[in-house]
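The lines below spell out each chain.
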Amino acid sequence: MTIFVFVGALLLAMAMGIPIAFSLLASGVALMWHLDLFDAQILAQNLISGADSFPLLAVPFFMLAGEIMNVGGLSRRIVNFALALVGHVKGGLGYVTIMAGCLLSALSGSAVADAAALTALLLPMMVKAGHDKSRAGGLIAATGVIGPVIPPSIGLVIFGVAANVSISKLFLAAIVPGILIGAALWLTWAVLVRSEKIEPPPRKSAGEILTALRKALWALMLPVIILVGLRMGVFTPTEAAVVAAVYALFVSAVIYREITWRDLYGIFVAAAKTSAIVMFLIAAAMVSAWLITVADLPSKVVGLLQPFMDNKILLMAAIMVLVMLVGTAMDMTPTILILTPVLMPVITAAGIDPVYFGVMFIINNSIGLVTPPVGTVLNVVAGVGRMSMDDVTRGVVPFMAAEFAIMFLMVVFPWLVTGPAKWFHG
């Protein structure tokens, strides 16, 4: 009955069109009434303490870094470098999209920001070259999914805080899975593009490639600084976010000189608005998380999953299917915040590595950004690219299938995540 009250109140509020943060608060209040624990002071305390977290400071700073990169020319130079490398091969613009997406993922950690930048920069070029617009939009949407996987990742930060798991370990463990997703997209595009009759542009000379590399070098240094700093213990993930924002601002304003004092106001306002939405969502979810613990919902979920507890692979597969279904109807951040306190006790009881689970959980939630009908990234690509949602959805299907295939491959072979993670941790 407790599960029914919580889930029923949440779904009812969402069906009424109430924003997800307020829907979470409504479901929390409903659960408090059901448990005869209603107290406005407890509600307020959990709401405030939910956002009062030092690791969560990484979220606004990574978002600020992403805004600066898009305005300050870092994203464009990375795309130009990828164009110089592989733009001349058949379907080269698709490979450019995947390469640029992986590189941008190592800068911003936001699927929405990466997808918007790639759509604005590459979709017109792909259409002009003769590629099918819906397929090109689908590839860009699927590539944006890599953003929350390859570190730095806002999703991993939120999961690390919610699950009390080391964010540094999550970052390092997600590198290889993110690259594997990029490789899956690369192979899928290679198969699809064979049927297209498109004349690729001429190969760039070695001098032109070196020029593009020189222009993009400052942007490419950022992920290196972040990953080396985390690996060597120079700074925490929160401090890494500050380093990313300051470095991006310095490069954009002093070296590339594409940001002026007048631009800064708009950049900071845009980052603040996005951060405020995410932080309020986190705060509201922490109220529900506290009530989930008080109501002992995790033990009830453990009971439901008891038949799978003796087989880790089967249990992970069942959880991944559950998260896939939730991802079709809910955005990434609320899914993380709602399911993490419910699933972590199950993972602990089954003896599954929480870092491995965290990476798999975020990958699944990231792919959920391109699963209709919600599909936040699909909406971004459709809006920026001036396409219909149906066209983008049709184009993303083969790439989404490839990403799910890689995810379940890592379920069957966990060492694809745990092996490289141990190597990176030393």
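None of the values given here were measured: they were computed from a predicted structure.

S.K.: What exactly am I supposed to notice about helix α20 (residues 389–412) here?
M.R.: Along an α-helix, residues three or four positions apart point the same way, because every turn accommodates 3.6 residues. Helix length check: α20 (24 residues) gives 33 Å between terminal C-alpha atoms against 34 Å at 1.5 Å per residue, within 8%. Remark: the principal bend of α20, roughly 45°, maps to V397, with a proline, P398, within the next four residues.

S.K.: For this particular structure, what's the right way to read the pattern of salt bridges?
M.R.: Between side chains of opposite charge, a pair can form as their charged atoms come close. This model, assessed by the stated rule, comprises three salt bridges. A salt bridge links R77 to E258; the nearest nitrogen and oxygen atoms lie 2.9 Å apart. Placement of R77 in helix α5 (residues 74–86) and of E258 in the loop between α13 (237–255) and α14 (261–294) is noted, with a sequence separation of 181 residues between them. Residue E258 is classed as partly exposed on the basis of its relative accessible area of 26%. Residue D391 pairs with R394 through a salt bridge whose shortest N-O separation is 3.2 Å. Of this pair, D391 and R394 both sit in helix α20, three residues apart, roughly one helical turn. Residue classification places D391 among the partly exposed positions, given a relative accessible area of 29%.

S.K.: Honestly, the packing of helix α19 (residues 376–384) against α20 in this entry has me stumped. Any pointers?
M.R.: Helix-helix packing is characterised by the crossing angle of the two axes and by the distance between the axes. Interaxial distance between α19 and α20 falls to 9 Å at its minimum, and their mutual angle equals 120°. When the axes of α19 and α20 are compared, the pair comes out oblique. Between α19 and α20 lies a crossing of right-handed hand. Each of L378, N379, V381 and A382 in α19 lies in contact with α20, whose residues at this interface are M389, V392, T393 and V396. Per-class residue counts for the contact of α19 with α20 are six nonpolar, two polar and no charged.

S.K.: Can you help me understand a nonpolar patch on the surface in this one?
M.R.: A surface patch of nonpolar side chains, amounting to about 730 Å² of accessible area, comprises L210, L213, L217, M221, V224, V228, M232 and V234. Assignment of secondary structure puts V224 in helix α12 (residues 206–232). Its relative accessible area of 42% is what places V224 among the partly exposed residues.

S.K.: Just to check I follow, could you spell out the packing of aromatic side chains for this structure?
M.R.: The geometry of an aromatic ring pair comes down to the distance between the two centres and the angle between the two planes. For the structure on display, the rule yields seven aromatic pairs. Where F22 meets F280, the ring centres are 5.3 Å apart and the plane angle is 55°; that geometry is what we call tilted. Within this pair, whereas F22 is found in helix α2 (residues 20–34), its partner F280 is found in helix α14, the two being separated by 258 residues in sequence. Residue classification places F22 among the partly exposed residues on the basis of a relative accessible area of 45%. Site record: aromatic cluster; members linked through ring pairs are F159, F357 and F361. Above the face of the Y256 ring, R77 is positioned so that its terminal group lies 3.7 Å from the ring centre.

S.K.: Please explain the packing of helix α18 (residues 354–367) against α20 as it appears in this structure.
M.R.: At a minimum axis distance of 10 Å, the contact between α18 and α20 shows a crossing angle of 165°. If you check the angle between α18 and α20, you find them roughly antiparallel. Regarding α18 and α20, the two cross each other, and that crossing is left-handed. Between α18 and α20, the residues in contact are Y356, M360, I363, N364 and I367 and M400, E403, F404, M407, M410 and V411, respectively. Partitioning the contact of α18 with α20 into residue classes produces nine nonpolar, one polar and one charged.

S.K.: Would you mind going over the nonpolar core with me for this structure?
M.R.: Across soluble globular proteins, you tend to see nonpolar side chains buried next to one another. The biggest cluster of nonpolar side chains holds 145 residues, and the ones touching the most others in it are V59, F159, M316, I319, F357, M360 and V370. Ranked by the residues each element gives to this core, the list is headed by α14, at 12 residues.

S.K.: Would you explain the environment of L369 in this entry?
M.R.: Inspection of the secondary structure puts L369 in the loop between α18 and α19. Expressed as a C-alpha distance, the spacing of L369 and F357, which sit 12 residues apart in the sequence, is 19 Å. Beyond its immediate sequence surroundings of up to four residues, L369 is in contact with A111, P148, D331, M332, G375, T376, V377 and L378.

Parameters and conventions
Residues numbered from 1 in each chain as written. Predicted model: local features only at pLDDT ≥ 70, side-chain atom pairs only at ≥ 80, totals over all residues. Heavy atoms only, no water. Helix = DSSP H or I, 4+ residues; strand = E, 2+ residues; numbered from the N terminus. Expected span 1.5 Å × (residues − 1). Bend = angle between axes of the 7 residues up to and from the residue. Salt bridge = Lys/Arg side-chain N within 4 Å of Asp/Glu carboxyl O. Buried < 20%, exposed > 50% of the residue type's maximum accessible area, 1.4 Å probe, protein only. Axes fitted to C-alpha atoms, helices over the stretch in contact; angles between N-to-C directions. Parallel < 35°, antiparallel > 145°, perpendicular 65-115°, else oblique. Left-handed = near helix turned anticlockwise from the far one by under 90°. Contact = heavy atoms within 4.5 Å. Nonpolar A, V, L, I, M, F, W, Y, C, P; charged D, E, K, R; others polar. Patch = residues over 30% accessible without salt bridge, like charges linked within 9 Å, V, L, I, M, F, W, Y side chains within 5 Å. Areas by Shrake-Rupley, 256 points an atom, 1.4 Å probe, with all protein chains shown as cover. Phe/Tyr/Trp six-rings, centres within 6.5 Å; stacked < 30°, edge-to-face > 60°. Lys NZ or Arg CZ within 6 Å of the ring centre and 35° of its normal. Core = buried A, V, L, I, M, F, W, Y, C linked by side-chain atoms within 4.5 Å.

Interpretation in functional terms is not warranted from these geometric data alone.
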